[in-house]
Amino acid sequence: MAYETVRLTRTGEVATITIVTKMSSLNTTYWREMPRALADLGDARVLILRGEKLFSAGLDVKDNAAVIAPALGQPEAFSKVVAEMHAAIEGLAALPIPVIAAVHGWCIGAGLETISAADLRLCSADARFSLPEVKLGITADLGGLQRLPHLIGRGRTAHLALTGDAIDAATAERWGLVTEVLDTPEALFERADALARQIAALPAKALEGTKRTLQDGLSHHESMQSAVQWNARHMTLEGLQNALKK
């Protein structure tokens, strides 16, 4: 299926969604199309999320203002507008398959909140990350303030969110926002593809169970028991035997 704001491609068991809007900004059409693109992944085993000329300049304020402005001062109406944005990001987080965000260039605001919903984040050396909503008189409300503390800690999240300042790729790696920094965007995309293929070769149910356990937000004991119950339902003798042969 063709989309205006994203391009969905497939190589073997790896799907890639590329944001193709101007400056990879997230406009109202993107928020409608992204959940549809996620629903079209079929039997893909891993998803790579990336931008075209850069990862994302964040929310397309001018375009989204057309739907946001009439809802200002009306909590119920405003919640309905933001719910469409939440559906795109929460849909990404809810995928049963691993999601790799490959970031080059700027990753701003809603773009940063989007990659916080991915499972793995890689970037190139030219990447820059910021959560500048406070400078616009806004509180970030697309999940970044909830997810980022689990990735980089509350203090570092507060630094990003309360100053609106940007951090570079080296800082993002040091903070744990990304796990690898590649020299160039080309090297980044090659690495993301290789990592996706590596992960796609692993048992699907084991990957899904691991992802769900990492995400479930339960207490330590409850999370361990959740993992135990997942294995009880999905682990197979054949899978164990195959693993022992390697």
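Scoring rules and cut-offs
Residues numbered from 1 in each chain as written. Predicted model: local features only at pLDDT ≥ 70, side-chain atom pairs only at ≥ 80, totals over all residues. Heavy atoms only, no water. Helix = DSSP H or I, 4+ residues; strand = E, 2+ residues; numbered from the N terminus. Buried < 20%, exposed > 50% of the residue type's maximum accessible area, 1.4 Å probe, protein only. Contact = heavy atoms within 4.5 Å. Pairing = 2+ DSSP bridges. Core = buried A, V, L, I, M, F, W, Y, C linked by side-chain atoms within 4.5 Å.

Draft legend 1. Geometry of the environment of Val67. Looking at where Val67 falls in the secondary structure, it is placed in helix 2 (residues 61–68). Given the relative accessible area of 38%, Val67 is considered partly exposed. Placed 126 residues apart in sequence, Val67 and Asp193 show a C-alpha to C-alpha distance of 37 Å. The contact partners of Val67, leaving out residues within four places of it in the chain, are Thr28 and Val81.

Draft legend 2. Region of the structure containing the sheet that holds strand 8 (residues 167–168). If you walk across this open sheet you meet the three strands as 5-7-8, and the pairing is mixed. Either end of the sheet is taken by a strand with one partner, and the two such strands are strand 5 (106–108) and strand 8. Bridging between strand 5 and strand 7 (residues 128–130) involves three bridges; their strand directions are parallel. By the bridge assignment, Cys107 is partnered in strand 7 with Phe129.

Draft legend 3. Region of interest: the nonpolar core. Counting 52 residues, the largest nonpolar core has Ile17, Trp31, Leu47, Leu92, Leu112, Phe129 and Leu177 as the members making the most contacts within it. Counting residues per element, this core draws most heavily on helix 3 (residues 75–94), which supplies seven residues. Beyond its immediate chain neighbours, meaning those up to four positions away, Leu47 contacts Ala15, Thr16, Ile17, Leu38, Leu41, Leu92, Leu95, Ile97, Pro98, Val99 and Ile100. Listed in part, the 15 residues of the second largest apolar core include Leu188, Ala192, Leu195 and Ala200.

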